[in-house]
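Chain by chain, the residues:
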Amino acid sequence: MLWLALYLPDLPLAVCPPAATPPRPVLVVESTGRFDQVVHADALASSLGLRAGLKLSAALALANQLTVHRRQPAAEAALLASLAAWAQQFTPTVALAPPATLLLEVGGCLRYFGGLSSLLEQVRAGLAELGHAVRMGCAPTPLAAQWAAWLGLPPVMTAGDLPAVLAAMSIRVLQPDRKQADGLSQLGINTLAQLQRLPRGGLNKRFGPALLLQLDRALGKVADPREPFVAPDRFERCIDLDYPFEQLDVFLLLADRLLAELAAFLSGRGLGVQAVLLRCKHEGLPASVLPVGFGVPLRRAAEMQAVLAERAARFSLPAPVLAVTLLADVLHPLDGQPLSLFGPGGDADGGDASLLLARLAARLGDDAVCGLVAVDEHRPELAWQAVQPGAAGTAQARGERPGWLLPQPLPLSIRDEQPWYGEALACIGQPERIESGWWDGEAVVRDYFQARGASGRRYWIYRDRVSHGWYLHGMFG
């Protein structure tokens, strides 16, 4: 077996609301009981000397105008689970190692991805596209891989190399509690090699069995079973805000981030989504809901974001927003289906007819986009019906019909004994007689002709057998 560990050091920051403009140093803090402690500092804050482990009061003394976020463990767990679903595109065996690590068993899929180096590059590029930095570690045991990822060590490919690699590691990878750390420090134990040289009986008696059990699992001496991650059958993610907002562009920014997470979740499972629901939480008012339909199942973030942008143009926020939630209840199998009319490399925005229909409906309204089907009726003006795009009718059109039918037949003048519509219209072919509607009071008796003018245009005209007048009813493309 070969385990790949993905350590996401920026996960506490990734679940926080977007950074302010202009950017300010950002800290994520959590309460330790007596005071707030920094658990993560972004690059700008780190450049000012701020780091994890500082008290918040000390950080505020070192730098002003900081953006401080309270840590959100539940949101971190939800994002880690979404990324675990994304990682299932590389291997079906993925395990969570909270709070910020994923474990992938990749021993059986290296050949498929072109070797370990190629796999690591694909994983790194995929996470970078999602906006996540990652440290990766490989080893024959999951715990050793996790420690290697924390320390940024090169891959360990065989179990025989584990003792030497682990021996040089700091005792801190065992994450001892304060009492254990103080006791090991008093004994001068700083590395795992020094720990292994001590009598096991004495260590167990003084520090308990947990430390040596971790070491044995990392070395592969003791089984280390991991519960496989099972992705949920629906997607729901929420971004809680430190401060409410009323601007639509902020809503779009948050919604785009949620859609990117949804796309990652879907890509690992080979699924698509045809409709999502965005819910905005307000104080003292019912939630605002924005349904977004895509016409066909999608999983590319850019395609979903394009439809959302059209839909949001007609959406307004009635009150300041405290949280934004994205919900995708119904997921659809998507593997093996073409993602666009021009294949995987095609123009997703311009080449997919269903996506185009979804964007038009989002921009113009659901009632503005429809399909047409033939119905069992001889009268041309009644022989069609508006339906949902893509719906099929059972009736067949009778005879050749023009692509453009006028809303009402247009009376034609007669010049030199020929119908006239900007030019003389000469009838071609045999007439088609339509005599129908006597049962509903809308009787028609007509002889339809195809006609051609000197311009080359082709028309669909008829002569009313009651009034003997000529009418234009349609034009051929």
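The residue count restarts for each chain, going from 1 along the sequence in the order it is written. With pLDDT at 70 or above as the cut-off, local features in this predicted model cover only qualifying residues; side-chain atom pairs require 80 or more to be listed or tallied, and sums for whole chains, interfaces and linings still use all residues. Side-chain metrics in this entry use all non-hydrogen atoms of the structure; hydrogen atoms and water are not considered.

Draft legend 1. Structural detail: the packing of helix α6 (residues 142-151) against helix α11 (residues 210-219). The contact between α6 and α11 brings their axes to 6 Å, and the two run at 95°. Taken as axis vectors, α6 and α11 run roughly perpendicular relative to one another. Taking contact as the criterion, the partners of L143, A144 and W147 in α6 are, on α11, Q214, L215, R217 and A218. With axes taken as lines fitted to C-alpha atoms, and helix axes fitted only over the stretch in contact, angles between N-to-C directions fall between 0 and 180 degrees. Only DSSP runs of H or I with at least four residues qualify as helices, and only runs of E with at least two residues qualify as strands; both kinds are numbered from the N terminus onward. Geometric relationships in this document are graded by angle, where less than 35 degrees denotes roughly parallel, more than 145 denotes roughly antiparallel, 65 to 115 denotes roughly perpendicular, and other angles denote oblique. The contact criterion used is simple: two residues touch if any of their non-hydrogen atoms lie within 4.5 Å.

Draft legend 2. Spotlight on the environment of G371. On the secondary structure map, G371 appears in strand β13 (residues 371-374). Among the residues examined, G371 registers a relative accessible area of 15% and is labelled buried. Once the C-alpha coordinates of G371 and L241 are considered, the two residues, 130 residues apart in sequence, prove to be 42 Å apart. In this structure G371 touches Q385, A386, V387, Q388 and P389, once residues within four positions along its chain are discounted. The buried label goes to any residue with under 20% of its type's maximum accessible area, the exposed label to any with over 50%, and the partly exposed label to all in between, with areas taken from a 1.4 Å probe on protein chains only.

Draft legend 3. Expanded view of the sheet that holds strand β21 (residues 470-475). As summarised here, the arrangement of the 5 strands in space is β15-β21-β20-β19-β18, forming an open sheet in which the pairing is antiparallel. The open sheet has two edge strands, β15 (404-411) and β18 (426-436), and neither has a second partner. Strand after strand, the sheet turns through a mean of 25° between neighbouring axes, direction not considered. A pair of strands is treated as paired once DSSP finds two or more bridges between them. The pairing of β15 with β21 spans 4 bridges and is classified as antiparallel. Among the inter-strand pairings, P411 is bridged to a residue of β21, identified as Y471.

Draft legend 4. Representation of the environment of S170 in the model. Position of S170 among the secondary structure elements: in the loop between α7 (162-167) and α8 (178-186). Distance from S170 to G469, taken between C-alpha atoms, is 99 Å for residues 299 residues apart in sequence. Ignoring sequence-local partners within four residues, the contact set of S170 consists of N190, T191 and L192.

Draft legend 5. Representation of the sheet that holds strand β5 (residues 94-97). If you trace the 4 strands from one edge of the open sheet to the other, you get β5-β6-β1-β7, paired in antiparallel fashion. Two strands in the sheet have a free side with no partner beyond their single neighbour: β5 and β7 (135-139). If you compare each strand with its neighbour and ignore which way they point, the axes differ by 20° on average. Relative to β7, strand β1 (residues 3-7) runs antiparallel, the two being bridged by 5 bridges. The residue bridging L6 from the neighbouring strand is M136, located in β7. Sheet contacts for α6: β1, β5, β6 (101-105) and β7; angle to β7, the most-contacted strand, approximately 145°.

Draft legend 6. Just the side chain of E310, in detail. Assignment of secondary structure puts E310 in helix α13 (residues 301-312). Of the residues examined, E310 reaches a relative accessible area of 11% and is grouped as buried. The residues touching E310, leaving out its near neighbours within four places in the chain, are R359, A362 and R363.

Draft legend 7. Representation of the packing of aromatic side chains. Aromatic contacts are taken between Phe, Tyr and Trp rings whose centres are within 6.5 Å, Trp giving its six-membered ring; a plane angle under 30 degrees counts as stacked, one over 60 as edge-to-face, and the others as tilted. Evaluation of the coordinates by the stated rule reveals 11 aromatic pairs. Look at F449 and W470: their rings are 5.6 Å apart centre to centre, the planes differ by 45°, and that puts the pair in the tilted class. Taken together, the residues F449 in strand β19 (residues 444-452) and W470 in strand β21 connect sequence positions 21 residues apart. W470 shares its class with F449; the two are buried. Here the aromatic cluster, defined as three or more aromatic residues joined through ring pairs, consists of W86, F90, Y112 and F113.

Draft legend 8. The arrangement of unusual backbone geometry in detail. Note that the residue after P98, namely P99, is joined by a cis bond; omega there is 10°. Although it is not a glycine, D416 adopts a positive phi angle of roughly 50°. Among the structural elements, D416 can be located in the loop between β16 (413-415) and β17 (418-420). A relative accessible area of 76% means that D416 is categorised as exposed. Positive phi, close to 65°, is recorded for H468, a residue that is not glycine.

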